[in-house]
Amino acid sequence: MTGIAFQEQSDYRSLSEAASEQLLTLMHRKPDAVICLATGATPVLTYQLLVEKITAQQVDISRITFVKLDEWMGLSPEDPATCEVFLQQHILKPLGVAPENYISFRSDNADDSECARIVEQITQRGGLDLCVLGIGKNGHLGLNEPDEQLEPACHITHLDERTRLHEMLKQANIPVEKGITLGLRDILAAREVLLLVSGEGKQRAFAQFKEGKVTPQIPASFLWLHPKTTCLYCDR
Ligand code: GLP
């Protein structure tokens with residue numbers, strides 16, 4: 001018996017189908033759910049299928065709140081590399097999400113007060129119902145980077161050198177060295193977590209994660225402390 005429900009999927013499409021269904025089920029069950037979203041390559045098809053299903057089934061999402069998990073720092077909000085542009089493109093614009101139903105870090109000029117502002121907004125909405133996450137090639141979760149000690153709260157972080165090579169940053173207009181992220185404490189406070197693992201270069205971090213030991217060298221391993229995490233994964 002583990003604390004994490006591992007569900008192997010045959011391929012990326014099946015993984016995305018299952019993930020979009022889990023999101024949809026929550027939206028039906030709790031029409032005012034607060035849902036935190038990761039960015040990156042892994043959830044792209046999940047979000048596309050979710051948008052298609054919401055549109056086809058005319059699901060009322062007018063009371064759902066979406067939360068941006070993390071953001072690269074120093075970029076203008078229009079920079080194509082930002083998590084902001086990613087979420088606008090894949091979720092917010094296609095679904096016509098109202099600005100008041102979206103909680104989002106700024107990418108430019110953020111400081112610690114930005115963390116306080118975001119955490120306060122999440123609290124006012126009753127906390128996160130679901131947090132959709134990916135795992136970094138270095139085992140990071142959001143932008144909680146591997147280190148000897150981890151900052152549990154929402155914080156500004158220096159990006160690990162492997163994270164600076166992330167595909168999203170190849171489009172950035174300037175070099176990015178910092179990020180802002182919900183902390184492990186915020187993630188572990190979510191009522192449910194959905195971890196998606198797919199894509200090149202994840203095998204090593206995922207194998208370490210699956211060992212079931214909690215280590216700051218693999219921040220994703222802190223999900224072993226969470227009571228309701230589902231991990232959908234595939235090799236392709
Ligand atoms: C970035 C994002 C995270 C994401 C991770 C994995 O750090 N900011 O939110 O989970 O990368 O990305 P990918 O799915 O592209 O491997």
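Just so you know, these numbers come straight off a predicted model, no measurement behind them.

Peer 1: What's the story with the sheet that holds strand E7 (residues 155–158) in this structure? I'm lost.
Peer 2: Consider a sheet: its strands pair through backbone hydrogen bonds, and that pairing is either parallel or antiparallel. Pairing within the open sheet is antiparallel, and its three strands lie in the order E4-E8-E7. If you trace the sheet from one side to the other, it starts and ends with strand E4 (70–72) and E7, each paired once. The mean inter-strand angle of the sheet, taken between neighbouring strand axes irrespective of direction, is 25°. Both E4 and strand E8 (residues 178–181) contribute to a ladder of three bridges, which runs antiparallel. Looking at the pairing, Trp 72 lines up with Gly 179 of E8.

Peer 1: Explain the UniProt feature "domain: Glucosamine/galactosamine-6-phosphate isomerase" (unreviewed entry) in the chain here, please?
Peer 2: Mapped onto the present numbering, the UniProt feature "domain: Glucosamine/galactosamine-6-phosphate isomerase" (unreviewed entry) falls on residues 13–223. Summarising residues 13–223: 33% helix, 15% strand, and an end-to-end C-alpha distance of 24 Å.

Peer 1: Teacher, can you tell me more about the site of the ligand here?
Peer 2: Within the structure, the ligand sits among 15 residues, and Ala 41, Thr 42, Asp 70, His 140 and Lys 202 are positioned closest to it. In this structure, Ala 41 approaches the ligand through a main-chain N or O atom, which is 2.8 Å from an oxygen atom. Measuring from a nitrogen atom of the ligand, one finds a side-chain N or O atom of Asp 70 at 2.9 Å. Considering the ligand on its own, with 390 Å² of exposed area, one finds that the protein chains cover 94% of that surface. Tallied by class, residues from the shell around the ligand come to six nonpolar, seven polar and two charged.

Peer 1: Explain the environment of Asp 60 to me, please; I cannot follow it from the model alone.
Peer 2: Relative to the elements of secondary structure, Asp 60 occurs in the loop between helix H2 (44–57) and strand E3 (65–68). A relative accessible area of 52% means that Asp 60 is categorised as exposed. Between the C-alpha atom of Asp 60 and that of Asp 32, which follows or precedes it by 28 residues, the distance is 9.8 Å. There is a polar contact of 2.7 Å between the side chain of Asp 60 and the side chain of Ser 62.

Peer 1: Help me understand helix H3 (residues 83–95) in this model?
Peer 2: Note on helix geometry: an α-helix contains 3.6 residues per turn, so any two residues three or four positions apart are oriented the same way. Counted at 1.5 Å a residue, the expected span for H3 with its 13 residues is 18 Å, and the 17 Å between its end C-alpha atoms agrees. Of all the bends in H3, the greatest measures close to 45° and is centred on Gln 89. The complete set of buried residues in H3 reads Cys 83, Glu 84, Phe 86, Leu 87, Ile 91, Leu 92 and Leu 95. Contacts made by the buried residues of H3 are with strand E2 (34–37), H2, E3, E4 and strand E5 (102–103). At the C-terminal side of H3, Gly 96 shows a positive phi close to 60°.

Peer 1: I would appreciate a short explanation of the packing of aromatic side chains in the present structure.
Peer 2: Think of a pair of aromatic rings as described by two things: how far the centres are apart, and how the planes are tilted against each other in angle. Overall, the coordinates contain eight aromatic pairs when judged by the stated rule. Taken together, a centroid distance of 5.0 Å and an interplanar angle of 50° make the contact between Phe 206 and Tyr 233 tilted. Of this pair, Phe 206 sits in helix H6 (residues 203–210) while Tyr 233 sits in strand E10 (residues 229–233), and the two are 27 residues apart along the sequence. Accessibility assignment for this pair places Phe 206 and Tyr 233 in one class, buried. In textbook terms, an aromatic cluster arises when at least three aromatic residues are bridged by ring pairs, as seen for Phe 6, Phe 206, Phe 209, Trp 224 and Tyr 233.

Peer 1: How should the pattern of salt bridges be read in this particular structure?
Peer 2: A pair can form between side chains of opposite charge whenever their charged atoms are brought close. Using the criterion set out here, one finds 11 salt bridges in the structure. Here Lys 30 makes a salt bridge to Asp 129, at a shortest N to O gap of 2.8 Å. Here Asp 129 lies in the loop between helix H4 (112–124) and strand E6 (130–134) and Lys 30 lies in the loop between helix H1 (12–29) and E2, a separation of 99 residues in the sequence. The salt bridge involving Arg 117 is made with Glu 114; its shortest N-O contact spans 2.8 Å. Residue Arg 117 and its partner Glu 114 are both found in helix H4; the two are separated by three residues, about one turn of the helix.

Peer 1: When you look at the side chain of Asp 129 in this model, what are you seeing that I'm missing?
Peer 2: Here Asp 129 falls in the buried class, since its relative accessible area comes to 4%. Only 2.8 Å separates the side chain of Asp 129 from the side chain of Lys 30, close enough to count as a polar contact. Setting aside residues up to four positions removed in sequence, Asp 129 forms contacts with Leu 26, Lys 30, Asp 32, Ala 33, Val 34, Arg 191 and Glu 192.

Scoring rules and cut-offs
- Residues numbered from 1 in each chain as written.
- Predicted model: local features only at pLDDT ≥ 70, side-chain atom pairs only at ≥ 80, totals over all residues.
- Heavy atoms only, no water.
- Pairing = 2+ DSSP bridges.
- Helix = DSSP H or I, 4+ residues; strand = E, 2+ residues; numbered from the N terminus.
- Axes fitted to C-alpha atoms, helices over the stretch in contact; angles between N-to-C directions.
- UniProt positions renumbered as here; feature names shortened; annotations may be inferred.
- Near = heavy atom within 4 Å.
- Polar contact = N/O pair within 3.5 Å; in protein donor to acceptor, adjacent residues only side chain to side chain.
- Areas by Shrake-Rupley, 256 points an atom, 1.4 Å probe, with all protein chains shown as cover.
- Nonpolar A, V, L, I, M, F, W, Y, C, P; charged D, E, K, R; others polar.
- Buried < 20%, exposed > 50% of the residue type's maximum accessible area, 1.4 Å probe, protein only.
- Expected span 1.5 Å × (residues − 1).
- Bend = angle between axes of the 7 residues up to and from the residue.
- Contact = heavy atoms within 4.5 Å.
- Phe/Tyr/Trp six-rings, centres within 6.5 Å; stacked < 30°, edge-to-face > 60°.
- Salt bridge = Lys/Arg side-chain N within 4 Å of Asp/Glu carboxyl O.

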